[in-house]
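Given next are the chains, with one letter for each unit.
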Amino acid sequence: MFSYIFMKILENRPRSYDRMMDRASRGRILSVKQTIAAELVDANHVLDIGCGTGELAAMLAVQGSKVEGFDVNAEMVEVARQRILKKNLANAVSIHQMGVAGMDGFPDSDYDAVVSTLAFSELSDDERHFALKHCRRILKPYGLILIADEVVPQKKLKKILHVTIRIPMLLAAYLVSRTASHPIADLAGEISSAGFSIQKEIRSHGDSFAMVVGRLEMPDTT
Amino acid sequence: MNPLKFIWGMFFRLFPCPTKIELGRIGNPDQQSPVLVTCNFYLTVRRLFRRLKGMNAWLLVTDSRGVNVWCAAGGEDFNAHSVVSAIKTSGINDLVDHRKLILPSLGAPGIKAKDVEDQTGWTVQWGPVRIEDIPAYLESGRQRSAEMKRVTYNWRERLDTSIGALFPFFLVGALGFLFFGSHLLWHYLWVATVTFFFFMLTCPWLPGKRGLTKVVLLEIILAIVLVVSEVLHLPYRFFIRADLIIAMVMLFIFGSELGGLAPTMSSDLDPFLAKLGIGTVGNVAFAGTVRTELLNGLRELAYDRDKCVGCRNCAEICPQGCWAFDDQNRAVLAEKERCTACRACIVQCEGKAIKAEAKIQIH
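1. So, the pattern of salt bridges
Inference 1: Taken as a whole and judged by the stated rule, the model has 22 salt bridges over all chains.
Inference 2: In this structure, glutamate 316 of chain B engages arginine 144 of chain B in a salt bridge whose closest nitrogen and oxygen atoms are separated by 2.9 Å. Taken together, the residues glutamate 316 of chain B in helix H15 (residues 313–317) and arginine 144 of chain B in the loop between helix H7 (134–139) and helix H8 (146–149) connect sequence positions 172 residues apart.
Inference 3: According to the relative accessible area criterion, glutamate 316 of chain B is partly exposed, its value standing at 29%.
Inference 4: Arginine 144 of chain B sits in the buried class, given a relative accessible area of 12%.
Inference 5: Residue glutamate 230 of chain B is joined to arginine 237 of chain B by a salt bridge in which the shortest nitrogen-to-oxygen separation is 3.9 Å.
Inference 6: A residue is classified by how much of its surface remains accessible, and glutamate 230 of chain B, at 27% relative accessible area, is partly exposed.
Inference 7: Each of Asp125, Arg128 and Glu190 of chain A together with Lys20 of chain B takes part in one network of salt bridges that share partners.

2. Overview of the nonpolar core
Side chains of nonpolar character tend, in soluble globular proteins, to be buried together.
Residue and element names in this part refer to chain B.
Inference 1: In terms of nonpolar packing, the biggest core is built from 48 residues, with Val83, Ile87, Ile92, Leu101, Leu103, Val116 and Trp323 touching the most fellow members.
Inference 2: Inspection of this core shows a minimum of three residues originating in each of domain 1 (3–145) and domain 3 (269–358).
Inference 3: Discounting chain neighbours no more than four positions away, the residues touching valine 83 are Val37, Thr62, Leu101, Leu103, Ile111 and Val116.

3. Focus on helix H4 (residues 55–62) of chain A
The α-helix winds at 3.6 residues per turn, so residues separated by three or four positions along the chain end up facing the same way.
All names here are of chain A.
Inference 1: A large share of H4 lies buried, amounting to 6 of its 8 residues.
Inference 2: Taken residue by residue, H4 has Glu55, Leu56, Ala57, Ala58, Leu60 and Ala61 as its buried positions.
Inference 3: Residue glycine 64 follows H4 closely and has a positive phi angle near 110 degrees.

4. Some details on the pairing of strand S1 (residues 45–49) of chain A
Two faces, one strand: in a regular strand the side chains alternate between the faces of the sheet.
Residues and elements named next belong to chain A.
Inference 1: With respect to burial, S1 is a largely interior element, 5 of its 5 residues being buried.
Inference 2: Alternating residues of S1 divide into His45, Leu47 and Ile49 and Val46 and Asp48, and every residue in both groups is buried.
Inference 3: Judged from the 5 bridges that link them, S1 and strand S2 (residues 66–71) form a sheet pairing that is parallel. Note that in S2 the partner of leucine 47 across the bridge is glutamate 68.
Inference 4: Crossover connection from S1 via H4 to parallel S2: handedness right-handed.
Inference 5: For S1 and strand S4 (residues 111–117), the ladder comprises 3 bridges, and the chain directions are parallel. Each bridged residue has a counterpart across the sheet, and for aspartate 48 the counterpart in S4 is valine 115.

5. Thoughts on helix H9 (residues 155–180) of chain B
Residues and elements named next belong to chain B.
Inference 1: In H9, a bend of some 45 degrees at leucine 166 exceeds every other bend along the element, and proline 168, a proline, comes one to four places later.
Inference 2: Among all positions of H9, only Arg158, Leu159, Ser162, Gly164, Ala165, Leu166, Pro168, Gly173 and Ala174 are buried.
Inference 3: Those residues of H9 hidden inside the fold are in contact with helix H1 (3–11), helix H10 (185–202) and helix H12 (237–261).

6. Some remarks on the sheet that holds strand S3 (residues 93–97) of chain A
Residues and elements named next belong to chain A.
Inference 1: Sheet architecture is open: 7 strands sit in the order S3-S2-S1-S4-S5-S7-S6, paired in mixed fashion. Each edge of the sheet is formed by a strand with only one pairing partner; in this case those strands are S3 and strand S6 (197–204). Neighbour-to-neighbour, the strand axes of the sheet open up by a mean angle of 15 degrees, direction not taken into account.

7. A closer look at the environment of glycine 69 of chain A
All names here are of chain A.
Inference 1: Mapped onto the fold, glycine 69 is located in strand S2.
Inference 2: Assessed through its relative accessible area of 0%, glycine 69 is described here as buried.
Inference 3: Each C-alpha atom, one on glycine 69 and one on serine 94, is 6.3 Å from the other, the two residues being 25 residues apart in sequence.
Inference 4: Residues in contact with glycine 69, not counting those within four places in the same chain, are Asp48, Cys51, Ser94, Ile95 and His96.

8. Considering a nonpolar patch on the surface
Inference 1: Where nonpolar side chains cluster on the molecular surface, the patch consists of Val216, Ile220, Ile224, Val227, Val228, Val231, Leu232 and Leu234 of chain B and spans about 690 Å² of accessible area.
Inference 2: With respect to the helices and strands, isoleucine 224 of chain B occurs in helix H11 (residues 211–231).

9. Brief notes about the packing of aromatic side chains
Residue and element names in this part refer to chain B.
Inference 1: The tally for this structure, following the rule as stated, stands at 12 aromatic pairs over all chains.
Inference 2: Ring geometry for tyrosine 303 and tryptophan 323: centres 5.3 Å apart, planes at 75 degrees, overall edge-to-face. Within this pair, whereas tyrosine 303 is found in strand S8 (residues 299–303), its partner tryptophan 323 is found in strand S9 (residues 323–325), the two being separated by 20 residues in sequence.
Inference 3: Taken together, Trp8, Phe11, Phe12, Phe167, Phe170, Phe177 and Tyr188 form an aromatic cluster joined through their ring pairs.

10. Side note on the sheet that holds strand S5 (residues 123–126) of chain B
Residue and element names in this part refer to chain B.
Inference 1: Pairing is mixed in the open sheet, where 5 strands are placed in the order S1-S3-S2-S4-S5. Lying at the two open borders of the sheet, with one neighbouring strand each, are strand S1 (23–26) and S5. Sheet twist, expressed as the mean angle between neighbouring strand axes with direction ignored, is 30 degrees.
Inference 2: Most of the contacts of helix H6 (residues 113–120) go to S5, to which it runs at about 150 degrees, and overall it touches strand S4 (100–103) and S5.

Conventions adopted
Residues numbered from 1 in each chain as written. Chains lettered and ligands numbered in written order. Predicted model: local features only at pLDDT ≥ 70, side-chain atom pairs only at ≥ 80, totals over all residues. Heavy atoms only, no water. Salt bridge = Lys/Arg side-chain N within 4 Å of Asp/Glu carboxyl O. Helix = DSSP H or I, 4+ residues; strand = E, 2+ residues; numbered from the N terminus. Buried < 20%, exposed > 50% of the residue type's maximum accessible area, 1.4 Å probe, protein only. Core = buried A, V, L, I, M, F, W, Y, C linked by side-chain atoms within 4.5 Å. Domains from an automatic or database assignment. Contact = heavy atoms within 4.5 Å. Pairing = 2+ DSSP bridges. Right-handed = clockwise from strand over helix to strand, strands pointing away. Bend = angle between axes of the 7 residues up to and from the residue. Axes fitted to C-alpha atoms, helices over the stretch in contact; angles between N-to-C directions. Patch = residues over 30% accessible without salt bridge, like charges linked within 9 Å, V, L, I, M, F, W, Y side chains within 5 Å. Areas by Shrake-Rupley, 256 points an atom, 1.4 Å probe, with all protein chains shown as cover. Phe/Tyr/Trp six-rings, centres within 6.5 Å; stacked < 30°, edge-to-face > 60°.

So, in structure tokens, the structure goes:
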């Protein structure tokens, strides 16, 4: 009985997700999304991997992009859809409930940019590898990939500091979505290995957060 | 072995204990080797590797949020999406030349086999309930005996699950006595331990079908002993009183938890709270889910014989053996009283013949 109550308390609470994550991250998530949106003012067609509550998708649509977003969490998708309807962006944004495994159904060379915030750190190694492989396939030549996520700091001291600081954030994420993130050891390296040239890597928050911008230099022929 | 994860998994089983989501190799698997699917609960994966030593198989460790197969499937965290994602992203398609997937039988309430088949092109086969039956299952050409399909709750399983789930309560009690009543700490430790082992080892033979009803007799006996010791002014009355009260409180906790721990029983919580008229507490919902409504009698398992397509999935995956077949290959809900509302038959029925139908309420 008691354990059941405890498990229930940890149920999904997507409606308060943005607020809690923003508080836990001391405003960093919103500013990262604004930075990404600013990079993509000219992008026509954008894919948002793990779109969550649709905050970034809505920002991009307001700038004039056609956005497709997907998230595996049904309740998150519902909140995102409501946000899009509320903002009258239904013509510009479509939200799907699916995981990265469904990316093999997307057409080749269709997107100008792929974005993802705080989603890659929730994926398994295999899923990240798979997602990046398909990002390369679905992007138009010279398309951009922008991923912002938790990363493992490079220096030992910062690593220790990072573990201490991220505990409240981990707890917030766990309480609202029952998912735990795994900071990525080498985000830029993984994006680069997938066939992108790294344009920018901005590290912040004690080296524990990174935004990586990659560009698909050559048309994909595989 | 990761000792921290082992201890966490063994004694704090209320909390997830995740291990890496990956394609594991048991022995030296090749293109013909079987592909087994499991959750990413550390202890389960460890036990699989230990039990299957000497065999060659692929082990697809899929995302169940670090929770065991049965609980994660019941909570829908271990689902078709987890399995589809693992198949597509792990590269297993290129490593074997067959397309047969062995799913854990107790994953049936969460993983809709048809969705996995439709989205991946693989054929699902249900494996045995217990890890130790896997070698015999594979050696017999993937034939499952009736015992392999049924869930049990023998003394080893009872000790294993109850130590894992009840240890935190034991610990909280110990800390409480340490700080607020240290003169009774040793009493608490031995009384709680003896009560725990006595209840968990004898519970199948105690009268009652639910955890809370099983403790009633014991609680009455203890209450009588308490009254007698008070009336007779027995020596060491204070300690007798303390020991008996500790035993009664611990028994109540163990009894409350038993329904949630035993795979052969249904939860006590939902019908209990529903009877009290409590639907939600804060964001914690006790009413409204199919499972809850099945348990509290708002819905009942309804079966439409005309829709039965004879897929036999219900009989294959029911861990309680509730379903049988008539001579026309149609399902028959033969042992309804054994049902624990796990919903596996509803999820897997190909003809949508089994439903959790709302009961007509007469006011």
